[in-house]
Amino acid sequence: MYGDTWQVRWKEFLSDSYVYGSKIEFNEDGSVSYKNRLMPPGTVIHTWYSMTNFQGNRIEPSLPLIDGERAYSIAVNIDYHNSESEALMLRIIFFDRYDVQAQSIIVRDKKAFFKPSIRTYSYRIELINGGNADFTFKSLVIKEVSEEEFDAEQERIERLKEDSNKSKKKRRKNIYKEITMTSKVALITGMFIAAVMILVKILYKKMPVYWTKIYLAEAAVMIIGMTAIIMIIVRIAAWRSFKHSERRNRDE
């Protein structure tokens, strides 16, 4: 039913959790404190299931049954003990009635909207380590939302992507413009210095016209070669500067 909300806890089933080298404390308020600073990124910390084989795995289902024709939101209530732990993410994997994967979704934010595959028969949610795992898990909150809410969220995401692309293009354009202007100044300065040096050489040696033309031709070749080298260096510098700017913006 639209508006239904389910709160999912981390129950005391250690077979669902990554326990090697981990310090796990089940608190009285239902939260779980978890710490493992040696765990490699990408490791599944804990898994919740909507359907299980209790006799075979001794694990009870902990997720609500959801409809493949409806939209949902999922919120993660976690207190991080350090900034490196904030790289945690969720992976929601949907399966059809033959237990074949039908869809997979990665959730990196504290709240996200999703719509399961129409073939969804069961699903599981994995809490995945992205860095230094040191946090207190409180709950997952799954809520059925209207199509209007889901569509509005998708439109918001699309706008954010468009704004990000525009900002990326603008930063790239500004970087290229700045470096190109600098290279032009350097190029003009280099041409002036080369011309002065050739002129001084010609006047000092008082060479005939024939040798003067040869020296001028050598100067032209030298300037063209320097121009090509400078433009290649400028292109490489612009590309590296842009990539560095992109990494810095992602970190922020």
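Now for a quick tour of the structure. (Residues numbered from 1 in each chain as written. Predicted model: local features only at pLDDT ≥ 70, side-chain atom pairs only at ≥ 80, totals over all residues. Heavy atoms only, no water.)

1. Quick notes on the nonpolar core
At step 1: Ile125 and Phe135 are the most contacted members of the largest nonpolar core, which totals 29 residues.
At step 2: Of all the elements in the fold, those that place two or more residues in this core are strand E3 (32–36), strand E4 (44–49), strand E5 (71–80), strand E6 (89–95), strand E7 (101–107), strand E8 (111–114), strand E9 (122–128) and strand E10 (133–145).
At step 3: The element best represented in this core is E10, accounting for five residues. (Core = buried A, V, L, I, M, F, W, Y, C linked by side-chain atoms within 4.5 Å. Buried < 20%, exposed > 50% of the residue type's maximum accessible area, 1.4 Å probe, protein only. Helix = DSSP H or I, 4+ residues; strand = E, 2+ residues; numbered from the N terminus.)

2. Digging into the pattern of salt bridges
At step 1: Per the stated rule, a full pass over the model turns up nine salt bridges.
At step 2: Its salt-bridge partner being Glu144, residue Arg70 comes within 3.2 Å of it at the nearest N-O pair. Remark: Glu144 occurs in strand E10 and Arg70 occurs in the loop between helix H1 (54–57) and E5; sequence separation between them is 74 residues.
At step 3: What you see here is one network of salt bridges that share partners, running through Asp67, Arg70 and Glu144. (Salt bridge = Lys/Arg side-chain N within 4 Å of Asp/Glu carboxyl O.)

3. Points about a negative patch on the surface
At step 1: Taken together, the side chains of Glu148, Glu149, Asp151 and Glu155 present a region of like negative charge at the surface.
At step 2: You can see Glu149 is positioned in helix H2 (residues 147–205).
At step 3: Since its relative accessible area comes to 32%, Glu149 is described here as partly exposed. (Patch = residues over 30% accessible without salt bridge, like charges linked within 9 Å, V, L, I, M, F, W, Y side chains within 5 Å. Areas by Shrake-Rupley, 256 points an atom, 1.4 Å probe, with all protein chains shown as cover. Lys, Arg positive; Asp, Glu negative; His and termini not counted. Charge placed at Lys NZ, Arg CZ, Asp CG, Glu CD.)

4. Notes on the pairing of E3
At step 1: Among the five residues that make up E3, four are buried, leaving the element largely enclosed by the rest of the structure.
At step 2: Summarising the sheet, strand E2 (residues 23–26) and E3 pair through four bridges and their orientation is antiparallel. Opposite Glu25, over in E3, you have Ser33 as the bridge partner.
At step 3: Taking the residues that link successive antiparallel strands as the turn, the E2-E3 hairpin has five residues, and the phi of Gly30 there is positive, at about 95 degrees. (Pairing = 2+ DSSP bridges.)

5. Here we look at the sheet that holds E9
At step 1: If you walk across this open sheet you meet the four strands as E4-E9-E6-E7, and the pairing is antiparallel. Strand pairing shows two members of the sheet lacking a second neighbour, E4 and E7, which therefore form its edges. In this sheet, neighbouring strand axes are inclined to one another by 20 degrees on average, regardless of whether the strands run parallel or antiparallel.
At step 2: Inspection of the sheet shows E6 paired to E9 by seven bridges, in the antiparallel sense. Of the residues in E9, the one forming a bridge with Phe94 is Tyr123. (Axes fitted to C-alpha atoms, helices over the stretch in contact; angles between N-to-C directions.)

6. With respect to unusual backbone geometry
At step 1: The residue Asp99 is not glycine, and still its phi comes out positive at about 65 degrees.
At step 2: Judged by relative accessible area, which is 56%, Asp99 ranks as exposed.

7. Quick look at a nonpolar patch on the surface
At step 1: Taken together, the side chains of Leu14, Val19 and Tyr20 define a hydrophobic patch exposed on the protein surface, amounting to about 320 Å² of accessible area.
At step 2: By secondary structure assignment, the location of Leu14 is in the loop between strand E1 (5–8) and E2.
At step 3: With a relative accessible area of 46%, Leu14 lands in the partly exposed category.

8. Regarding the packing of aromatic side chains
At step 1: All told, the structure shown has nine aromatic pairs when counted by the stated rule.
At step 2: Here the aromatic rings of Trp10 and Phe137 are separated by 5.9 Å at their centres, their planes lie at 65 degrees, and the arrangement is edge-to-face. Of the two residues, Trp10 is situated in the loop between E1 and E2 and Phe137 in strand E10; the sequence distance between them amounts to 127 residues. Taken individually, Trp10 and Phe137 each receive the classification buried, so the pair is uniform in this respect.
At step 3: In this structure an aromatic cluster arises from ring pairing among Trp10, Tyr34, Trp48, Phe135 and Phe137. (Phe/Tyr/Trp six-rings, centres within 6.5 Å; stacked < 30°, edge-to-face > 60°.)

So far we have only geometry, and geometry alone does not tell us how the molecule works.
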